[in-house]
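Listed below are the residues making up each chain.
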Amino acid sequence: MLVDASSGGEASPTRQRLSSAERRAAIVRTAIDLFAKRGFRGTTTRELALAVGVSEPVLYQHFATKRDLYTAIVDQMVGERAAEGDAALCQFHGTTDDRSFFQWFGEQVLNWYLDETNHIRLLLYSALEGHDLADIWHNRCTVQFIQIMEQYVERRIAEGAFQNQNPVIASRAFIGMICQYGQVSAIYQRPASELSREEVVSQFVDIFLNGIRPDSTPGAR
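Rules used throughout
Residues numbered from 1 in each chain as written. Predicted model: local features only at pLDDT ≥ 70, side-chain atom pairs only at ≥ 80, totals over all residues. Heavy atoms only, no water. Helix = DSSP H or I, 4+ residues; strand = E, 2+ residues; numbered from the N terminus. Expected span 1.5 Å × (residues − 1). Buried < 20%, exposed > 50% of the residue type's maximum accessible area, 1.4 Å probe, protein only. Contact = heavy atoms within 4.5 Å. Phe/Tyr/Trp six-rings, centres within 6.5 Å; stacked < 30°, edge-to-face > 60°. Lys NZ or Arg CZ within 6 Å of the ring centre and 35° of its normal. Polar contact = N/O pair within 3.5 Å; in protein donor to acceptor, adjacent residues only side chain to side chain. pLDDT = per-residue confidence, 0-100.

1. Things to note about helix α9 (residues 197-210)
Note on helix geometry: an α-helix contains 3.6 residues per turn, so any two residues three or four positions apart are oriented the same way.
Phase 1 of the analysis: For α9, with 14 residues, the first-to-last C-alpha span of 20 Å sits near the 20 Å given by 1.5 Å per residue.
Phase 2 of the analysis: V200, V201, F204, V205, L209 and N210 are the residues of α9 that are buried.
Phase 3 of the analysis: On its buried face, α9 is in contact with α5 (98-115) and α8 (167-187).
Phase 4 of the analysis: One or two positions beyond α9, positive phi appears at G211, with a value near 80°.

Structure below.
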């Protein structure tokens, strides 16, 4: 644990002093929680320091500027899922199993919304309040993740498996369905059904690949 700010900065004899890396990580975790609850404008440096249990000068020792802190937050957010996602993505290299690919991709998006609600709120605040974190996240993560879908759709169009549609628009159509469901569930706590996550994504995949009209031509399964 960090030193309680109200203790005058002296560590309890029974508590182990944090290393610089551990303290830096604690600052990032606390910043995510506070920014997600109060927004960037609603959180002061003093409040962040108090929540962590350090002085404001200690904060500046670890993060000289707000952009440094925002970058560290994005690094942590990306790192938490990057390894798992990269490993799973390898199995879909060159695949023609559209259902499995879209199911995997949709679950990645929906799980992020439902398991990382603080991250969603944080990004909404950063975008609405015009903070650098939104741009950093978009350039570091969102663009690359969406491109995975766009490149897959573009390849399958070239192979004749999908209609000749704009791959960017087609990709956003699928991602948008999942994001809207995830946002309503995470922010408003109002899931649209009692289905499991996997079942929800599976139905979105059906609609996207097969359409909703009974005479739609079935897509690849």
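2. Examining the packing of aromatic side chains
Phase 1 of the analysis: Summed over the entire model, instances satisfying the criterion amount to 17 aromatic pairs.
Phase 2 of the analysis: Arranged with centres 5.0 Å apart and planes meeting at 80°, the rings of F102 and F174 form a pair that is edge-to-face. Placement of F102 in helix α5 and of F174 in helix α8 is noted, with a sequence separation of 72 residues between them. Summarising the burial analysis for this pair, F102 and F174 share the class buried.
Phase 3 of the analysis: With centroids separated by 4.4 Å and ring planes inclined at 20°, the aromatic side chains of F105 and F145 adopt a geometry described as stacked. Highlighted residues: F105 in helix α5 and F145 in helix α7 (residues 132-158), separated in sequence by 40 residues.
Phase 4 of the analysis: Note on F145: relative accessible area 25%, which makes it partly exposed.
Phase 5 of the analysis: Counting every residue linked through ring pairs, the aromatic cluster contains F92, F101, F102, W104, F105, F145, Y152, F162, F174 and F208.
Phase 6 of the analysis: Above the plane of the ring of F162 lies R156, whose end atom (NZ or CZ) is 5.9 Å from the centre.

3. Section: α8
Phase 1 of the analysis: Its 21 residues give α8 an end-to-end C-alpha distance of 29 Å, which sits within 8% of 30 Å, the value for a rise of 1.5 Å per residue.
Phase 2 of the analysis: Of the surrounding elements, those touching the buried residues of α8 are α5, α6 (117-128), α7 and α9.
Phase 3 of the analysis: Its side-chain oxygen 2.8 Å from the backbone nitrogen of V168, N166 forms the N-cap of α8.
Phase 4 of the analysis: In the stretch just after α8, Q189 is the one whose phi turns positive, near 55°.

4. Brief notes about the environment of I148
Phase 1 of the analysis: Position of I148 relative to the elements: it lies in helix α7.
Phase 2 of the analysis: Classification of I148 as partly exposed rests on a relative accessible area of 23%.
Phase 3 of the analysis: Residues I148 and S171 lie 23 residues apart in sequence; the distance between their C-alpha atoms is 9.3 Å.

5. Focus on the confidence of the model for the protein
Parts of the prediction with low pLDDT should not have their coordinates interpreted in detail.
Phase 1 of the analysis: On average, the protein scores 81 in pLDDT, and the residues at 70 or more come to 84%.
Phase 2 of the analysis: Mean pLDDT per element in the protein: helix α4 (residues 66-89) is the minimum at 72, and α9 is the maximum at 95.
Phase 3 of the analysis: Within the model, the stretch residues 1-15 combines pLDDT values under 50 with 19 contacts to residues more than four positions away or in other chains.

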